[in-house]
Amino acid sequence: FTMADKIEKTFKFVVVGGGIAGVTCVEQLSYSLQSADVALITASPHIKAVTNYKQVAKVLEEFDVEEQPTSVLEEKFPNLTVIHSAVNTLNTRSHLVETADGKVYGYEKLCICSGARPKLLIQDKPYVLGIRDTDSAQEFQKQLTKARKIVVVGNGGIALELVYEVEGCEVIWAVKDKTIGNTFFDAGAAQFLIPSLGADKPEREAACKRTRYTTDYPTDGRGSGPTEPGSALGPDWHRGLVLKGAEWVRTFAKLLFWNLILKRDMFISVGNKTLLTLFKKNFSPCCGQASRTWPVYVLLTNGKTFGCDFVVSATGVIPNTEPFLRGNNFALADDGGLRVDDHMVTSEPDVYAAGDVCTACWDHSPLWQQMRLWTQARQMGWHAGRCMAACALSETIELDFCFELFSHITKFFNYKVFLLGKFNAQGLGSDYELLLRYTKGEEYVKVVLQGGRMVGAVLIGETDLEETFENLILNQMDLTPYGEDLLNPNIDIEDYFD
Ligand SMILES: Cc1cc2nc3c(=O)[nH]c(=O)nc-3n(C[C@H](O)[C@H](O)[C@H](O)COP(=O)(O)OP(=O)(O)OC[C@H]3O[C@@H](n4cnc5c(N)ncnc54)[C@H](O)[C@@H]3O)c2cc1C
Ligand SMILES: NC(=O)c1ccc[n+]([C@@H]2O[C@H](COP(=O)([O-])OP(=O)(O)OC[C@H]3O[C@@H](n4cnc5c(N)ncnc54)[C@H](O)[C@@H]3O)[C@@H](O)[C@H]2O)c1
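Residues numbered from 1 in each chain as written. Chains lettered and ligands numbered in written order. Predicted model: local features only at pLDDT ≥ 70, side-chain atom pairs only at ≥ 80, totals over all residues. Heavy atoms only, no water.

Right, let's get into the overall build of the protein chain. Scanning the protein chain from terminus to terminus reveals 10 helices and 26 strands. Residue burial in the protein chain is summarised as follows: out of 498 residues, 55% are buried. Here the contacts in the protein chain between residues at least 6 apart in sequence split such that 66% fall between residues at least 24 apart. For the protein chain, the accessible surface area stands at approximately 21,700 Å², while carbon and sulfur atoms represent 49% of it. (Helix = DSSP H or I, 4+ residues; strand = E, 2+ residues; numbered from the N terminus. Buried < 20%, exposed > 50% of the residue type's maximum accessible area, 1.4 Å probe, protein only. Contact = heavy atoms within 4.5 Å. Areas by Shrake-Rupley, 256 points an atom, 1.4 Å probe, with all protein chains shown as cover.)

Here you go:
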């Protein structure tokens, strides 16, 4: 039998993936073309839905994210069919997909929203864990309840959240960069945040304008199996998970500033007895743990060795492209994502992609960059849905305004964080100026100026400057006459520009 002999049904639109990108795309399609047959094929039994969406300013947005049963979507959109299975094969020439249960579906237009998975330094379960979906977060939590010491490798969003949240367990944080949080922060912002690592956490968390991740009901292992990745966790994923180690005492993360480079070949994971013995002979004890043996040892490139219960590899993501590549001719970007143009179209005819699986390869606005984030997954899914519908109706649409300016609202170490534009002067070379305002423990404000115009900003704490700064970046006003008054706390900057 060929795939074509087994076709169950042909849909006008098929979307693969029940994460934020796929669900937003499906909603957009089902809403714009109510008579069109739409199918959502997803490996995970639940979908991620955006709720309480709020536009904070012109591009800054916030929303909650709920894990919902797929029936909620089907009830809302009568033209939608949800198929619970993973896509195993795609044939772009015949416009067919085959799922893990052997069923074949035809499509006129397809959107791939299969997300990404952790880029683990080494595959060695249960000693090396990645965190992506509900199952992997629960596995981490389970292992942590028995752990006395863990090693966290990586310096991005997940590592930052973990070293702050984990309690009752010693944390060795292996950072290869000179400062912490390098995917979001420069050295100044890192310096501002570091004292929070050693401080007691506040009893009540500060109210925070950020997207929130919730599950409606207790997670009980209904999640997808190991070969079927679930949707990515998102903001506040650790809320509701007790992240306590075995000793049940509050210790603070140990920040080891040794400028480590942890390369795959230097990273020794030991389930292997020979290595363990060999290793123990040369093992130079540290942190007063001389007499203990550990399930796994980690050798860092600075020559230090640490024993621990397990390692968290929080070292970025790899787009989930594999099932779609065989036999097709997709152009891939350097980061492994499916290359898409400004209409979210891949290099294969009638195939679109959105969210973490794709790489935005259009000419970006000078103030936007792709980061694999919740907000961008929503924006791309929405834009892909609009483009697919417009194409079916022979209409043309422009790239949406949200891609004009990068914006991200989040929270680290219990501080509100707003990132705008070229917040770390990305790609500006040396042709920029920085203005800084720093009040220890309260706020960190950084403005990036180029040619007297604001091109980026980092706001940490309760600054209330986000809307004004977003405006100043979007309108590209010459700010030279205001000089350093721009950040003068005694001047109400909003009145200034009204
Ligand atoms: C721990 C953690 C914390 C995060 N925190 C934040 C944050 O605070 N702020 C923020 O902006 N972003 C955050 N992110 C990033 C954010 O979650 C992702 O960028 C976003 O969820 C990506 O959405 P997506 O729809 O592209 O992919 P995913 O959410 O990964 O969804 C992919 C979907 O595709 C399905 N799928 C995969 N392969 C197949 C297949 N072959 N066939 C059928 N279905 C398939 C999966 O089951 C899943 O439903 C975080 C990520 C993690 C892991
Ligand atoms: N609050 C938020 O916005 C938030 C929170 C968590 C996760 N996320 C997103 O979720 C995704 C996954 O998070 P993540 O933290 O794994 O990825 P990330 O891309 O944010 O960070 C990866 C980190 O790993 C480091 N790294 C890479 N290879 C390494 C190696 N061999 N040795 C040591 N360090 C190495 C990088 O320098 C970088 O600091 C990202 O897209 C991230 O943006 C966002």
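Next comes the rest of the write-up.
Here the protein chain averages 83 in pLDDT, and 81% of its residues register 70 or above. Note that residues 204-227 has pLDDT below 50 and, in this model, 70 contacts with residues that lie over four places away or in other chains. Residue range residues 247-285 is modelled with pLDDT below 50. Its contacts to residues more than four positions away, or to other chains, number 102 contacts. (pLDDT = per-residue confidence, 0-100.)

Take the side chain of Lys109 next. With respect to the element layout, Lys109 can be found in strand 8 (residues 104-112). Residue Lys109 is classed as buried on the basis of its relative accessible area, which comes to 11%. Only 2.9 Å separates the side chain of Lys109 from the side chain of Asp350, close enough to count as a polar contact. Ignoring anything within four residues of it in the chain, the contact list for Lys109 reads Lys12, Phe13, Val14, Asp350, Tyr352, Met388, Cys391 and Ala392. (Polar contact = N/O pair within 3.5 Å; in protein donor to acceptor, adjacent residues only side chain to side chain.)

Moving on: the nonpolar core. Generally speaking, a soluble globular protein has its nonpolar side chains buried in company with each other. Ile112, Phe140, Ile150, Phe185, Phe413 and Ile460 are the most contacted members of the largest nonpolar core, which has 101 residues in total. Among the nonpolar cores identified, the runner-up in size contains 28 residues, and Val445, Val447, Phe469 and Ile493 belong to it. (Core = buried A, V, L, I, M, F, W, Y, C linked by side-chain atoms within 4.5 Å.)

A few words on helix 4 (residues 157-165). With respect to burial, helix 4 is a largely interior element, seven of its nine residues being buried. Inspection of helix 4 places Ala159, Leu160, Glu161, Leu162, Val163, Tyr164 and Glu165 among the buried residues, and these make up the whole buried set.

Considering the arrangement of structural elements, one finds Val345 in the loop between strand 19 (338-340) and strand 20 (351-353). On the basis of relative accessibility, which here comes to 22%, the residue Val345 falls in the partly exposed class. Ignoring sequence-local partners within four residues, the contact set of Val345 consists of Arg339, Val340, Val351 and Tyr352.

This next bit is on the pattern of salt bridges. Applying the stated criterion across every chain yields a total of 16 salt bridges. With its nearest N and O atoms 3.2 Å apart, the salt bridge here joins Glu62 to Lys54. Residue Glu62 is classed as buried on the basis of its relative accessible area of 11%. Across the salt bridge formed by Glu443 and Arg437, the nearest N and O atoms sit 2.7 Å from each other. Arg437 matches Glu443 in its accessibility class, with the two residues each being buried. (Salt bridge = Lys/Arg side-chain N within 4 Å of Asp/Glu carboxyl O.)

Bringing the side chain of Thr92 into the picture now. Turning to its location among the elements, Thr92 is positioned in the loop between strand 6 (87-91) and strand 7 (96-99). Polar side-chain contacts of Thr92 include one of 3.1 Å to the side chain of Asn328.

Moving on, we get to the packing of aromatic side chains. In this structure the tally under the stated criterion is 15 aromatic pairs. Between the aromatic rings of Phe192 and Tyr415, the centroid separation amounts to 5.0 Å while the plane-to-plane angle is 55 degrees, which identifies the pairing as tilted. In this pair, Phe192 is assigned in helix 5 (residues 187-198) and Tyr415 in strand 23 (residues 415-421), connecting sequence segments 223 residues apart. Taking the relative accessible area as the measure of exposure, Tyr415 reaches 15% and is therefore buried. For the pair Trp362 and Phe403, a centre-to-centre distance of 5.4 Å together with 80 degrees between the ring planes defines the contact as edge-to-face. Of this pair, Trp362 sits in the loop between strand 21 (358-360) and helix 8 (374-392) while Phe403 sits in the loop between helix 8 and strand 22 (407-412); the two residues are 41 residues apart in sequence, bridging distant segments of the chain. Residue Trp362 is classed as buried on the basis of its relative accessible area, which comes to 8%. By way of ring pairs, the aromatic residues Phe192, Tyr415, Tyr438 and Tyr444 are connected into one cluster. (Phe/Tyr/Trp six-rings, centres within 6.5 Å; stacked < 30°, edge-to-face > 60°.)

Before going further, it helps to spend a moment on the packing of helix 1 (residues 20-32) against helix 8. At a closest axis distance of 7 Å, the pairing of helix 1 and helix 8 adopts a crossing angle of 30 degrees. By the angle between their directions, the pair helix 1 and helix 8 is classed as roughly parallel. Crossing handedness for the pair helix 1 and helix 8: right-handed. Contacts from Ile20, Ala21, Thr24, Cys25, Gln28, Leu29 and Ser32 of helix 1 reach helix 8 at Trp374, Ala377, Arg378, Gly381, Trp382, Ala384, Gly385, Arg386, Met388 and Ala389. Its residues assigned to classes, the contact of helix 1 with helix 8 shows 10 nonpolar, five polar and two charged. (Axes fitted to C-alpha atoms, helices over the stretch in contact; angles between N-to-C directions. Parallel < 35°, antiparallel > 145°, perpendicular 65-115°, else oblique. Left-handed = near helix turned anticlockwise from the far one by under 90°. Nonpolar A, V, L, I, M, F, W, Y, C, P; charged D, E, K, R; others polar.)

As a further point, take the sheet that holds strand 23. Read from one edge to the other, the open sheet built from five strands follows the order 22-23-26-25-24, with strand pairing classed as antiparallel. The open sheet has two free edges, formed respectively by strand 22 and strand 24 (433-439), since each of these has just one partner strand. Within this sheet the neighbouring strands show an average axis-to-axis angle of 15 degrees, counted without direction. Pairing between strand 22 and strand 23: six bridges, direction antiparallel. Residue pairing in the sheet places Ile409 in a bridge with Phe418 of strand 23. (Pairing = 2+ DSSP bridges.)

Looking now at the pairing of strand 11 (residues 149-153). Of all five residues that make up strand 11, five are buried, and the element is covered over most of its length. Neither face of strand 11 is left uncovered, since the one carrying Lys149, Val151 and Val153 and the one carrying Ile150 and Val152 both have all their residues buried. As paired strands, strand 11 and strand 12 (residues 170-174) are joined by five bridges and run parallel to one another. Within strand 12, the residue paired with Val152 across the bridge is Trp173. For the crossover from strand 11 across helix 4 to strand 12, the handedness is right-handed. Two strands pair when backbone bridges link them, and strand 11 and strand 17 (residues 310-313) are joined in this way by four bridges, in the parallel orientation. In the strand pairing of strand 17, Val152 is matched with Val312. (Right-handed = clockwise from strand over helix to strand, strands pointing away.)

Between its first and last C-alpha atoms helix 1 spans 18 Å; for 13 residues at 1.5 Å apiece the expected length is 18 Å, and the two agree. Here helix 1 lies mainly inside the structure; 11 of its 13 residues are buried. (Expected span 1.5 Å × (residues − 1).)

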